[in-house]
Structures are given as C-alpha cells and as structure tokens.
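Chain residues, written in single-letter form:
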Amino acid sequence: MITVSLISLGCAKNLVDSEIMVGHLHKAGMTVIPEAEKADVVIVNTCSFLDSSKEESINAILEAHQGRGMRKRRKEQKLIVAGCMAQRYQKELPGALPEVDAFIGLDQITKVAPIIVEIFAKERAKNAGGEPAPAPAFVDRHPTYIPDCDTPRFRLTPRHYAYIKIAEGCNHPCTFCIIPQIRGRHRSRTIESVVAEARRLVAEGVREINLISQDTTFFGMDTWERRPDPRTPVDSARGSALTTLIRELQAIPGDFWIRLLYTHPAHWSDELIRTIAGCGKVARYVDMPLQHISDRMLGAMRRETDSARIRDLVKRIRAGIPGIALRTTFIVGFPGETEADVGELCDFIRDTKFERLGVFRYSQEEGTRAAKMDGQLTAKQKESRWRRVMSLQKEIAAEVGKSCVGRTLRVLVEEPGVARGEADAPDIDGRIYVPKTLPAGEFAEVKITGCHDYDLLALPPGETPEEFKIAKQAQ
Ligand code: F3S
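Residues numbered from 1 in each chain as written. Predicted model: local features only at pLDDT ≥ 70, side-chain atom pairs only at ≥ 80, totals over all residues. Heavy atoms only, no water.

1. Structural notes on the packing of aromatic side chains
Note the threshold: Here the aromatic set is Phe, Tyr and Trp, taking the six-membered ring for Trp, and pairing holds for ring centres within 6.5 Å; pairs whose planes are under 30 degrees apart are stacked, those over 60 apart are edge-to-face, and all others are tilted. The way it works is that DSSP assigns letters per residue, a run of H or I at least four long becomes a helix, a run of E at least two long becomes a strand, and they are numbered from the N terminus. Remark: exposure states derive from per-residue accessible area (1.4 Å probe, protein chains only) relative to the maximum for the residue type, with buried under 20%, exposed over 50%, and partly exposed in between. For a ring to carry a charge above it, either NZ of a lysine or CZ of an arginine must fall within 6 Å of the ring centroid while also lying within 35 degrees of the normal to the ring plane.
Overall, the coordinates contain six aromatic pairs when judged by the stated rule. Note on F330 and F348: the rings are 6.4 Å apart at their centroids and 80 degrees apart in plane angle, and the pair reads as edge-to-face. Here the residue F330 occupies a position in strand 13 (residues 325-332), and F348 occupies one in helix 12 (residues 339-352), the gap between them amounting to 18 residues. For F348, a relative accessible area of 3% puts it in the buried group. Measuring from ring centre to ring centre gives 5.2 Å for F334 and Y362, while their planes differ by 70 degrees; the resulting arrangement is edge-to-face. Taken together, the residues span a long stretch of sequence, with F334 in the loop between strand 13 and helix 12 and Y362 in the loop between strand 14 (356-361) and helix 13 (379-404) at a distance of 28 residues. For F334, a relative accessible area of 0% translates into the label buried. Three or more aromatic residues joined by ring pairs make a cluster, and in this case those are F330, F348 and F354. For K13, the ring lying beneath its charged end belongs to Y262, and the centroid distance is 3.7 Å.

Written as structure tokens, this is what we have:
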C-alpha cells in the first residue's frame, strides 16, 4: 500500500484543494500519514502569491527533499509539487528543481492518485550525462476545474468548522495581483451543489461554514445571460447570486454559522446588505479587502471602485447590519504612493474603526502590471508606512477590545480554553480565552471580562473571575 504525506501551504482555497487530493488518495486505497520521512510520497501543495510565499514553498520543497536535521530523503521516496507555484511556473520549475518527481497543476488535483501510480511505474530516464530527465508536469495552461458536492474530499480542519469553495478563479484586473493568472477565470458552482455540501457538513456536526472563493460576491454572476461587468452589484433578479445562496443556506435546519470571506466592494448591493441582516445564521462579520482609500491608488490598482463608493458602502453596511464586524486588508507602498495617500488611509482607518484589519507591504510580483509601474518604493519606505498603519490599528484594536468588555457573546469553542466569536474567522482573527471546562467544538455563551492586544478573556455569565481562577488551577 502506498503511503503519502501532504504539506499544505497558502490560503484556505489551497487547503480545500489539499482536502480534495487527500479524498482522492483515500479513494484510491492509499494511506495518508503525517510523518513525511516515513511516506512513500511527499506532496507539497504550494502558494505563489508573494515573494515570501514562494520562498516558503521552495523551503518546504527543499526540506522535504533533504529531510529534517541529519535525516536524508530516502532514495525511493517520490516528491511531488502541486498547487499555485506548480501552476504559475509550469515551464520553469521542472528544469529548476531536479529533485522533484512530478508537478501537478490546479486542474489535476483529482488525478493525484493515477499520477502517483504513473511516476512509480516509470522511473525517469537518465540522459547521457547521468542526470535525470526533468520531471513531468501534469499542468493545464488555463485552469477550469471547480469541485462539486460529490467530489471526494477529506476535511483537514477541526470537526466543527469547514470551508466551502463556492467558486474558483477571478475576473478582476487588480494590477498587483497574480492570482487570476494562476487560478483562471471566475467559475461558480451551482446553488444546489453548494447547498447539498452544506447540508452534509451540518449533518456531520459542522458548526461554522466558511464560504470562500477569490471573489465571493461575484458568485453566480458568471452564469448570467447578460454579462455583468466588474462593478455589477449582486442582484438575484438577474440570475444565480450570493443572496439566493445565503437564503437557501439559512433555511438548512441546525445550529450553525455561515461566514462570508473574500467579498469584493464593487459588487456589494443593498439586496446583499438586507439579506445578511435578515439571515440570523450569517455571522455578523464581513471580510471585504479594500486595499486602499486614496482615489489615485485605487485607480492605479484598478480596483473597480473609488473612495466615495467605499465610504458610502461602509456606512450602508454599518447601518444596515447592526453589530457587524468589518474585516479588511490594505496594501501600503504601492508604486507612486505618497505620504499624503498614506495620511488619507490613516484618517479613513481612524474614522471607520475596522474591527479587524490586516496590512500588507506591496510586493513587486513579476507578471503583474504594477511590477512594471514607475515610482516603485524602497523596502524601507514600505516598512515605515506599514509600521505607521499597524500602530494606528493596534490602538483601534485596543479600543474595540475594551468596548467588548461586559458584553455577552455567543462563541464557538475551538479547543479547551480557546474560543472564537462571530467577529473572528478561523486562523485569521483574534481569540477569546474561556474556561477549559467549556466543551470544544460547541457553541457557548460567555461574558467578556477583559482584553489583551487582539484577544479577549471571557467567562460563562454569572461566573466570577475568582471561580474561573480556581477552576483553571484545578485543570
Ligand atoms: Fe492562495 Fe497562494 Fe494560491 S494565496 S490562491 S495558495 S497563490
């Protein structure tokens, strides 16, 4: 029996691809084990978003080849590179990484088992110089694959939460981003397919369903008769849409949250705001990467929206969905950014008080339009702007944390002693420290008693901190 070990890097979308690969390996009778050194095959599912992610991927590949510490990779062990880096550098990698036995693109994740069988069957021919021939690359030029509800998949997340990839690919022309070139054009699953998967997950005991894609708000629009443009708002009257999907997920019986990740500001509509407000199972949390607020920067980034629309949208979301927590990300140090642009961004952050916020230093990615723009900033400039925005957000996060003290919240217990609220997406946001006696994987009601940086402390209502301390000491 063939044993396989899989190392999954990158984002939640890549994690779902890893889960699909593991599902297919199981289906083919292979065994997936955590110990890379013991496996017959090691798969590294890579990310290629930024230079730092490429570096992490290369290090993981080299580590898988060389082994940890003194332990060398066994001669007969096969090494496969999958995911976004294999897709992006499908021409370059086979020559550059001779230690790899095969490369698998994004459309080949369901073929992982026969590919493994094939590479065991065919030992690579050596050329005259004794060097092995470059490894085969099982990669399509433009990916088109999208999973369905019956796609074999083995979840790698804890039992109580899951990701559902509702669409794949992206049609937006953001000048800094390479992902559309890697993952291809936007393609949505059907509402029926997503709902069937959600039903099954809820029946399995999942308490939180995280809807993911490159652009969740564009869900369904690629199937509309009249083609939408990159600014078209979500509108269920025109065809399949996120709002219809949310309403159908809301109707699934059971106690669970639905969380929306990766929404693009250009597609938000009043219908979407009303739908979220009216569906109690949708977490009061919205992830909406804004990237900047200065019109100069939004234009250069080709974000398909502008400052006035974003400001108005934030107001409408806050007014229309009481208690909503807004998560966003910004990029600082984009080519041509001035201190005045950063000042405008800081003012906006100060006024809006995002509950959750991440800041990226712009990364000059080859193959993107922004990489060729004039006005590239130095690493030092990017770093000082990043620090400026991060220190501002730290103050705001402390204010947000303090404002939670005294409130009673419903939380999902992640593991003994640690929970998340509606405002905390898994693996991204803060934590809520709770008594270890609360059962993991279940919802609980707690009262926030304190805060520390981005994290909160909480107790079941009625319990005093003293009792908490005694219970904690007893654990
Ligand atoms: Fe995700 Fe990295 Fe690919 S962020 S989509 S794994 S390039």
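2. Things to note about the sheet that holds strand 10 (residues 208-212)
Heads up, the rule is: When DSSP finds at least two bridges between two strands, those strands are taken to pair. Angles here are taken between N-to-C directions and fall from 0 to 180 degrees, while the axes themselves are lines fitted to C-alpha atoms, restricted in helices to the stretch in contact.
With parallel pairing, the six strands of this open sheet are ordered in space as 7-10-11-12-13-14. Two strands close off the open sheet at either side, each with one partner strand: strand 7 (161-165) and strand 14. Here the strands of the sheet are splayed against their neighbours by 20 degrees on average, with no regard to which way each runs. Relative to strand 10, strand 7 is paired through five bridges, and the arrangement is parallel.

3. A word on the pattern of salt bridges
Spelled out, the test is: By definition, a salt bridge exists where a carboxyl oxygen of Asp or Glu is found within 4 Å of a side-chain nitrogen of Lys or Arg.
Under the counting rule described, the total for this entry stands at 33 salt bridges. Across the salt bridge formed by E344 and R311, the nearest N and O atoms sit 3.6 Å from each other. Here E344, found in helix 12, pairs with R311, found in helix 11 (residues 307-320); they are 33 residues apart in sequence, far enough to count as distant. Owing to a relative accessible area of 29%, R311 belongs among the partly exposed residues under this scheme. Salt-bridge contacts for R387 lead to E383; the nearest nitrogen and oxygen are separated by 3.2 Å. Of this pair, R387 and E383 are both found in helix 13, four residues apart, which corresponds to roughly one turn of the helix. The class of R387 is exposed, set by a relative accessible area of 52%. Residues participating in the shared-partner salt-bridge network are D17, K165, E168 and R183.

4. Overview of the domain arrangement of the protein chain
This is how it is decided: For each domain, the first and last residues come from an automatic or database assignment. Note on terms: buried area is the combined drop in 1.4 Å-probe accessible area of two parts once they are placed together, counting the loss on both. For this analysis, a polar contact is any N or O atom pair within 3.5 Å, provided that within protein one partner can donate a hydrogen and the other can accept it, and provided that sequence-adjacent residues contribute only side-chain to side-chain pairs. The nonpolar class holds Ala, Val, Leu, Ile, Met, Phe, Trp, Tyr, Cys and Pro. Asp, Glu, Lys and Arg form the charged class, and all remaining residues, Gly among them, are polar.
Under the domain assignment, the protein chain is made up of domain 1 (3-138), domain 2 (161-404) and domain 3 (408-474). Here the C-alpha centroids of domain 1 and domain 2 sit 31 Å apart. Summing both sides of the interface, domain 1 and domain 2 together bury roughly 1,500 Å²; the carbon and sulfur share of this comes to 61%. By the criterion of area lost to domain 2, the three top residues of domain 1 are K13, F49 and R88, representing 42% of everything that side buries. Scanning the region where domain 1 abuts domain 2 turns up four salt bridges. We note a salt bridge from R88 to E365, for which the minimum N-O separation is 3.4 Å. In this assembly, domain 1 and domain 2 are joined by ten residue pairs in polar contact (both at pLDDT 80 or more). Elements represented by at least two residues in the side of domain 1 that touches domain 2 include exactly helix 1 (12-27), helix 2 (51-66) and helix 3 (84-88). The element contributing the most residues to the side of domain 1 that touches domain 2 is helix 1, with six residues. Counted by class, the side of domain 1 that touches domain 2 contains nine nonpolar, three polar and five charged residues.

5. Description of the sheet that holds strand 19 (residues 455-459)
Each strand in a sheet pairs with another by means of backbone hydrogen bonds, the pair being arranged parallel or else antiparallel. Strand order in the closed barrel made by the five strands is 15-16-17-19-18, with mixed pairing throughout. Bridge count for strand 15 (residues 408-415) against strand 18 (residues 443-452) is five bridges, and the pairing is antiparallel. Looking at strand 18, one finds that T408 is bridged to K447.

6. A word on the pairing of strand 13
Filter applied, for reference: Handedness of a crossover: with both strands directed away from the viewer, a clockwise path from the first strand across the helix to the second marks it as right-handed.
Within strand 13, eight of the eight residues are buried, which leaves the element mostly enclosed by the surrounding structure. Because side chains alternate across strand 13, one face comprises the buried residues A325, R327, T329 and I331, and the other comprises L326, T328, F330 and V332, equally buried. Here three bridges tie strand 12 (residues 282-287) to strand 13, and the two strands are oriented parallel to one another. Across the sheet, residue D287 finds its bridge partner in strand 13, namely R327. Of the pairings in the sheet, the one linking strand 13 to strand 14 comprises six bridges and is parallel in character. Each residue of the ladder has a partner; that of F330, found in strand 14, is V359. Between the parallel elements strand 13 and strand 14, the chain passes through helix 12 in a crossover that is right-handed.

7. Notes on the layout of surface pockets
Using the following cut-off: Here a cavity denotes grid points, spaced 1 Å and computed from the protein atoms alone, that fit a 1.4 Å probe unable to get out, and a pocket denotes an open set having protein on both sides within 12 Å along at least 5 of 7 lines; residues with an atom within 4 Å of a point are the lining. Grid points are joined across faces, edges and corners, and a volume is the space filled by probe spheres set on the points.
Of the voids in this model, the second largest pocket is the one considered here, and its volume is about 740 Å³. If you go around the second largest pocket, you meet 30 residues; those closest to its centre are H142, I178, P180, Q181 and I182. Counting only elements with at least two residues in the lining of the second largest pocket, the list comes to helix 3 and helix 6 (179-183). With three residues, helix 6 is the largest single contributor of residues to the lining of the second largest pocket.

8. Considering the nonpolar core
Which entries qualify depends on this criterion: Nine residue types can take part in a nonpolar core, namely buried Ala, Val, Leu, Ile, Met, Phe, Trp, Tyr and Cys, and a core is a set of them joined through side-chain atoms within 4.5 Å.
Formed by 60 residues in total, the largest nonpolar core has its most connected members in I166, L211, L242, L245, W268, I276 and I317. Here this core takes six residues from helix 7 (residues 191-203), the largest share from any one element.

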